[in-house]
Each structure stands twice: as C-alpha cells, then as structure tokens.
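Each chain is listed here by its residues.
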Amino acid sequence: MEKGYVENGFIVDVSHAKKTSQVICELSAILDLPDAQGKDVFLKLGALEMNRTQLLSVKAMVESMGSNVEKVSSSSKLTLQSASELGIDTAEIENVVPTIAFDNVKPEVNKELEVALDKIFGDDVSDISNLHKDINEPKEVIEPEEKIVQANEDFSQEAAHDEINKVIEEANNIDAEIDINSIESEIKEDDSVEEISEEIKQHLKETEQLPTLYIQRTLRSGQSLKSEGNIVIIGDVNPGSEIIATGDITVWGILGGIAHAGCDGNTYARVRALKMNPIQLRIADILARRPDTANIPYVQKTDTFVPEEAVMRNKKIVIHKLYEV
Amino acid sequence: MSGRVIVITSGKGGVGKTTTNANIGTALAKAGKKVVMIDTDLGLRNLDLLLGLENRIVYTIVDVVEKRCKLKQALVKDKKNPNLCLLAAAQTRDKTAVTEEQLKDICERLQKDFDFILVDCPAGIEQGFQNAVAGASEAIVVTTPEMSAIRDADRIIGLLEAKEEIKSYHLLLNRVRPKLIKSNDMMSVDEVVDILSAELIGIIPEDTGIITSTNKGEPIVNDEKSLAGQAYMNVAKRIMGEEVPFLNLEEDNSFMGKVKSFFSHLVGKEKK
C-alpha cells in the first residue's frame, strides 16, 4: 500500500488544477459517474497548496457523493501535512506527469460554480482557460498559386474561358510574398477589430454546428474522403489521398495529402493537423501548395509534433502553430 | 501542326516506363519541342512525382473527361521548361474512369498545339493499356535484359502489331549492366534484339543516379554528366530523326579501366 496502490480504488488525477475550486469542480463531475460510487479515491494533486480546511471540504464533498478519499499525493508540503492531519494516507511525488483522468469523460466545468467557489476559498490564480489564447503566432505562408474555378457541368466554352482568364489575372495580382506580422498589426490598429472577430466567431459557431464525420484509421494514397460537414481523422493522411469537407478538417496525425476545407465556399473553414506537410491545402476557392524545395514524397515520422492550423486571411492561406513547444 | 503521339509501354511493371517517359519528355522539351506527357496510370500515378509536379496538380485527366475543367486548365507546366506540360492521372479513381474514345479525343485535341504527346502506359494488358494505346500512332516498348521482361515485351509487341493505329514501334533496353554482360551473367543487347526482332531506339545503362533523381523529382537528363542522362538524350535525338550512334557502354573510361585494359592486353586473352 506504500506505492500509491489503492484497492477497489479510483485514481483521480487533478494535478493540473491550480485552484481548490477547480479540484472540486472536476472531482464532482467525475464522482458523479455511476461506476465511481462507493470507491476509494486516490487523489493526485499537483503543486496546489491546500490548507487543512480546504482539504477537509474536498474530503467532505467526496464523502457526500458516496466515495472515500483513501490517499492523496501532492508535491506541496502544506497539502501533505494537512492530509496527514486529517488521517489520509499520503504519497509524495516529485515530478508531476499530467495525465487525463478519464479518456472518455471530459468534466464540464461550470463557470458560475467555479466563481462562487473562488469566492469561498479565495484562490486568486488566474483563469487557465485564457492560457492558450495569445500564442497563435502565424508561422509561414504558402503562396497561393491559382484559384479553383467552379465550372458547371454544361458550361459554355467562352464564358468558362473568360472566367479562367479573370481568375488567372486575379491570382497574378496577389503579391507572392506577404508579411504576416504587418497584417497582424494592421488588424490590431483597426477600429473595427471587434466587429471582425464577432463576425468570425459567428462563422466559427456555424461551422461548429455542422455534422462531424469521425474516422479512426490511416488514409492511404488514392483514398478520398468527402463529407458535408466537419471531418476528424485519428490517423495519418498519406500523400496521394484527399479529404474534402464543407466544414473544418482535423487530422490527429500527419497530414501529407490534399485537404480541402470549406469546399462549398466557407472561407472560415480551417485545417488542423498534428503535423502539416500537405501537398496542397485548399480553403474555399483558395489553393496553396507545398513549396518545391520541400518536395519530400513522405514525411519522416518523428516524436515531436507541432500542432498547426491553416486558416484563410486576406485571401491567403496562413499556417500557424496551435501551441508553443 | 500535327504532333506525334507516342505511347511508352512495357507490359511488365518496374522496368522504367515512367522514368523513360519523364526523361524523354524533358529531353525533347530541352531540344525546343513542345511536349505534353499524359499519365494514363489512373489510381497509381507516378509521373508527377518523377517530374516534381505533384504539388501543382489541381485538375486531372478525369476532370477533363468529366468536363469539370477545360483541357488547357488541366495541363501542368513544368517548373523549368515552359515547353513541357503534364496531364496528370487521377489518383482516387481507377482505369474505368476514362474510355479509349475519350483518350483518343484528348490526344487529337493536343496534337494541334504540341509536337510530341507522350503517353505513359500502365503495366499490364488490360483496360489501362488499351486506353493508353488508343490515341497513339507510335510506340516505344521498354524492357530490361531479363527473361520475364522480354517475355512480356514480346506479348506487348504482338498486341501492338495487331493494332492498326500503331504505325511503328521501337525497343528501348533499360537497366543494362555492361559488366554483367561481359561476365556472361546478363543477356547482351544483341541477344535481346534477336529475340524480339524489333528496331532498337536506345540502350540505357543501369545508373544509381536514377534513384536520387526520382526521389528529388528531377529527371536525370538534366544532369549532363550522368551516363543514363546522355543515353536518354540520345533517344530523344533519335526520335527527332537524328542519327546518333549508341553509347559504348562496354568501354571503361576511367583511368583505372585504361590501366586494366593495358595490362590485359599484355597478358593476352587468357580470360576468354
């Protein structure tokens, strides 16, 4: 029983919690599950400092839900001390490896409840939901080469030709190189910045509400996936394959093929991947291709993944990192 | 202007049809001819990779056939040579997406604007082969000095002879290894020509540079030092009607080779 081993127990990892209120919120969501009833709970806390009263209220909450706090681990001395005062087994951990408590359960954090609990416990750690908001730095631009022309089934030759010429002209007018930082600053200086973001938010919400196709396999060369809505792929998308969606495309793996998001004209559609190496990216009617210098037929598989997202800005496809590594 | 439609075929897979196509096409374009290459290997396209044009393909031959775009839109221009164009195959479809008549029609339309139309044929003798051959009037049969490849080439030549549209065909012997021929481990060029009784248009030596050029997406004819590149250049010249002697692959041109041959002269013909 000394190595943090609990019989008939539940290991609940809340080591990422920065506030007592957060611990309570998440614990209550987890313990609410029917199979958590009557189990002993091994509570993994991170660096969070809890005094005796705070820990007591956590314990009381767990007990009120029909479970029992069997053991507490923490890297904070204060928390461990208060645990031993309350007669709970303790285990000291040195480096905290954050893991998700339950893969299939995402505890819904009630904002109001959290604020109310904050008032009670008086923690003043800043809200973590804002943590990842300011790191969406644009990284690179793939120069759009030409637009895709939507030709009708029975198009007249002349009209189509005119249309193509127009598109080619337009494509030529777009500057080849574009400084994203300057655009960023321009947007910030713009007075109507609130309106733009509101509009984008609205569109993102619309995309969010589309049906989503969920696929859990590797897409290989020659395979094509089309969906009216969003597509989520758990696996790699190999070169030579294509994904076409009216909404967003998310690849939990390496994107090496062709991805066409917002194929019915949704310019707010996005393409996300753990590793971006697409032959072509298309959003609505804008096309970007891989630079010739990086013309490697297959991506080298690595352990380091940098999740990236492609969005359209000013009629150009821009890739930015989702998280800083 | 009426361009020549040449199909490059082999029967057997992996003998170098696509590599030959990419290199002859590039060589012809370098000589100032207007060239278009058609990849008819639907579902297993490779020609775009060899030319390094994979990232530029928007429309494919299937889009042209199904009238989603105009023929000119689907032609992908080469990175370096504006005389060279590629009509790519669709990767997500199979051979049934295009019919013989449609391919014939495409070839006829391209003949007006191009000097050479090179059709890259898929392996096998099924629908894909029939499609590729449909619009062509000349053929280049690629083979290697191996029994299996020669047997398949023989079958292909038989099929080509039965086609009225094919006016002439030539043989291209690929991956020849002079050392192995010398040591009697590989069939010699003459033997192959004897078996197939077809006119030879080129002998391409085995070259490791082909592997790197394929991976880079850069045809080997762009490398003037490479022996295989020179051989492909000569094939292009012969296609254009020039008389070019075949490269002497037997001769070892390096200094060590000359020293060796000098000594072997002194020792006499003991090896043979």
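Here, every reference points to the structure presented above.
Residues numbered from 1 in each chain as written. Chains lettered and ligands numbered in written order. Predicted model: local features only at pLDDT ≥ 70, side-chain atom pairs only at ≥ 80, totals over all residues. Heavy atoms only, no water.

Enquirer: Any chance you could explain the overall build of chain B here in plain terms?
Expert: Within chain B, the secondary structure is distributed over 12 helices and 8 strands. The proportion of buried residues among the 272 residues of chain B is 54%. Split by element, the accessible area of chain B, about 12,900 Å² in all, is 50% carbon and sulfur. (Helix = DSSP H or I, 4+ residues; strand = E, 2+ residues; numbered from the N terminus. Buried < 20%, exposed > 50% of the residue type's maximum accessible area, 1.4 Å probe, protein only. Areas by Shrake-Rupley, 256 points an atom, 1.4 Å probe, with all protein chains shown as cover.)

Enquirer: Can you help me understand the overall build of chain A in this one?
Expert: Scanning chain A from N- to C-terminus turns up 7 helices and 16 strands. With 325 residues in all, chain A has 43% of them scored as buried. Contacts in chain A between residues at least 24 apart in sequence constitute 51% of all its contacts with a sequence separation of at least 6. By element, 49% of the accessible surface of chain A is carried by carbon and sulfur atoms, the whole surface being about 18,600 Å². (Contact = heavy atoms within 4.5 Å.)

Enquirer: What is the right way to look at the sheet that holds strand 13 (residues 280-283) of chain A in this model?
Expert: Sheet strands pair via backbone hydrogen bonds, and the direction of the pair is either parallel or antiparallel. Residues and elements named next belong to chain A. The strand order across the open sheet built from 5 strands is 7-9-11-13-14, with neighbouring strands paired in mixed fashion. Two strands bound the open sheet, and with one partner strand each, they are strand 7 (224-227) and strand 14 (286-289). Strand-to-strand twist in this sheet, taken as the mean axis angle between neighbours without regard to direction, amounts to 5°. Of the pairings in the sheet, the one linking strand 11 (residues 258-261) to strand 13 comprises 4 bridges and is parallel in character. Counted as the bridge partner of A259 is L281 from strand 13. (Pairing = 2+ DSSP bridges. Axes fitted to C-alpha atoms, helices over the stretch in contact; angles between N-to-C directions.)

Enquirer: So what exactly am I meant to see when it comes to helix 6 (residues 127-134) of chain B here?
Expert: Each α-helix winds once per 3.6 residues, and so residues spaced three or four apart point in a common direction. Counting buried residues along helix 6 of chain B, 6 of its 8 residues qualify, which places the element largely inside the surrounding structure. Those residues of helix 6 of chain B that are buried are in contact with strand 1 (4-9), helix 5 (100-111), strand 5 (116-120) and helix 7 (147-162) of chain B.

Enquirer: Before we go on, may I ask you to explain the pattern of salt bridges in this structure?
Expert: Opposite charge on two side chains permits them to pair, given that their charged atoms come into close proximity. Under the counting rule described, the total for this entry stands at 15 salt bridges over all chains. In this structure, B:R175 engages B:E206 in a salt bridge whose closest nitrogen and oxygen atoms are separated by 3.2 Å. A residue pair is termed long-range when its members are at least 10 positions apart, and B:R175 in strand 7 (residues 168-176) and B:E206 in the loop between strand 8 (200-205) and helix 10 (209-216) qualify at 31 residues. Take B:R175: its relative accessible area is 39%, and that puts it in the partly exposed class. Judged by its relative accessible area of 35%, B:E206 is partly exposed. Here the salt bridges do not stand alone but share partners, grouping A:D248, A:R270, A:R272 and A:E309 into one network. (Salt bridge = Lys/Arg side-chain N within 4 Å of Asp/Glu carboxyl O.)

Enquirer: Whenever I open this one, helix 3 (residues 77-85) of chain A confuses me. Can you help?
Expert: All names here are of chain A. Buried within helix 3 we find T79, L80, S82 and A83. What you see down the axis of helix 3 is that its buried residues fit within an arc of 165°, all on one side. Among the residues trailing helix 3, G87 stands out with phi positive, at a value near 80°. (Arc of directions from axis to C-beta.)

Enquirer: What am I meant to see in the environment of A:S15 here?
Expert: Of note, A:S15 is situated in the loop between strand 1 (9-14) and helix 1 (20-31). Spatially, the C-alpha atom of A:S15 lies 9.3 Å from that of A:S75, the residues being 60 residues apart in sequence.

Enquirer: Looking at this structure, how should I read the sheet that holds strand 5 of chain B?
Expert: Residues and elements named next belong to chain B. As summarised here, the arrangement of the 8 strands in space is 3-4-2-5-1-6-7-8, forming an open sheet in which the pairing is mixed. Sheet topology places strand 3 (75-77) and strand 8 at the edges, where each strand pairs with a single neighbour. Each strand axis lies, on average, 20° off the axis of its neighbour in the sheet, ignoring direction. As defined by bridge partners, strand 7 adjoins strand 8 across 4 bridges and the pair is classed as parallel. Bridge pairing in strand 8 places L173 opposite I203. Its contacts with the sheet place helix 7 against strand 1, strand 6 (138-143) and strand 7, and it is angled at close to 170° to strand 6. Helix 11 (residues 227-239) rests against strand 1, strand 5, strand 6, strand 7 and strand 8 of the sheet, and its axis sits at about 170° to strand 8.

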